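Summary of the model geometry
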Amino acid sequence: MSVLAIYPGSFDPLTNGHLDVLQRASRLFDEVVLAIAHETEKNPLFTVQERVDLAREAIRGIKNARVEEFKQLLVDYVQEKGARVIIRGLRAVSDFEWEFQMALMNRNLAPSVETIFLMPRDSYSYLSSRMTKQIAQLGGDISSFVAPHIEKALRRRYGFAD
Ligand code: ADP
């Protein structure tokens, strides 16, 4: 039986930390779907289609991973896909409280779905989409945080020349 895992998030945009977690998940599961949420409280910089396109390009080298978007409640989407595993990344203690609450809420809504936490390489443990955007907006160097085409997209979005 092939085991499918879903790695959900807003990925606005995908960073090297996300990619690291996805790579780890792809070595543990037969198939991994990076699932990009339409609904997010975070007022995204990129549209869902842009986030999907940027992520697709970035994960091309990971053969058993693909990108999808979803609109519904996460546990409903996971169950519709026939998956039983949600992957989340844990960077530091600061992530824990929110992730813990969300994992238990999801378990309450769908008891057969398990959330599995993976930690990125330690050099990515301080990396976030939010901070990458703030640095890009002020013209800082983000080349070690995101893939080159994502760096380009961010620079363009903030009005810097290529
Ligand atoms: P959210 O679902 O809160 O919008 P994101 O799209 O920013 O989150 O990230 C999706 C998942 O990836 C979350 O579990 C988040 O904790 C995790 N994540 C974000 N940045 C990193 C990173 N640098 N290393 C590892 N995991 C990360």
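From a predicted model like this one, the values you see are computed outputs, not experimental measurements.

Some remarks on the environment of Gln79
- Mapped onto the elements of the fold, Gln79 is located in helix α3 (residues 74-80).
- A residue is classified by how much of its surface remains accessible, and Gln79, at 40% relative accessible area, is partly exposed.
- Through-space distance from the C-alpha of Gln79 to that of Arg56 is 23 Å; in sequence the pair is 23 residues apart.

Notes on the sheet that holds strand β2 (residues 31-37)
- Pairing is parallel in the open sheet, where five strands are placed in the order β3-β2-β1-β4-β5. The open sheet terminates on both sides in strands that have one partner only, identified here as β3 (65-70) and β5 (114-118). Taken pair by pair, the neighbouring strands of this sheet meet at an average axis angle of 30 degrees, ignoring direction.
- In terms of strand pairing, strand β1 (residues 4-9) meets strand β4 (residues 85-89) through two bridges, oriented parallel. For Ile6, the partnering residue across the bridge sits in β4 and is Ile86.
- The sheet strands contacting helix α2 (residues 48-58) are β2 and β3, and the helix crosses β2 at an angle near 150 degrees.
- The strands touched by helix α4 (residues 93-109) within the sheet are β4 and β5, with β4 carrying the most contacts at an inclination of about 170 degrees.

Some points on the site of the ligand
- In the neighbourhood of the ligand, 17 residues make up the surrounding shell, with Tyr7, Ser10, Lys42, Gly89 and Leu127 lying closest.
- Within the side chain of Tyr7, a nitrogen or oxygen atom sits 2.8 Å from an oxygen atom of the ligand.
- Considering the ligand on its own, with 550 Å² of exposed area, one finds that the protein chains cover 91% of that surface.
- Listed by contribution, the elements that provide at least two residues to the shell around the ligand are β1, α1 (16-28), β4 and α4.
- Each residue belonging to the shell around the ligand can be placed in one class, and the counts come to seven nonpolar, five polar and five charged.

Things to note about helix α5 (residues 129-137)
- Considered for burial, the residues of α5 that qualify are Ser129, Thr132, Lys133 and Ala136. Seen end-on, α5 carries its buried residues on one side only, within an arc spanning 100 degrees.
- Of the surrounding elements, those touching the buried residues of α5 are α1 and α6 (148-157).
- Positive phi shows up at Gly139, right after α5, with a value of about 80 degrees.

Criteria and thresholds
- Residues numbered from 1 in each chain as written.
- Predicted model: local features only at pLDDT ≥ 70, side-chain atom pairs only at ≥ 80, totals over all residues.
- Heavy atoms only, no water.
- Helix = DSSP H or I, 4+ residues; strand = E, 2+ residues; numbered from the N terminus.
- Buried < 20%, exposed > 50% of the residue type's maximum accessible area, 1.4 Å probe, protein only.
- Pairing = 2+ DSSP bridges.
- Axes fitted to C-alpha atoms, helices over the stretch in contact; angles between N-to-C directions.
- Contact = heavy atoms within 4.5 Å.
- Near = heavy atom within 4 Å.
- Polar contact = N/O pair within 3.5 Å; in protein donor to acceptor, adjacent residues only side chain to side chain.
- Areas by Shrake-Rupley, 256 points an atom, 1.4 Å probe, with all protein chains shown as cover.
- Nonpolar A, V, L, I, M, F, W, Y, C, P; charged D, E, K, R; others polar.
- Arc of directions from axis to C-beta.

So, to be careful, I would describe these as geometric facts and stop short of saying anything about function.
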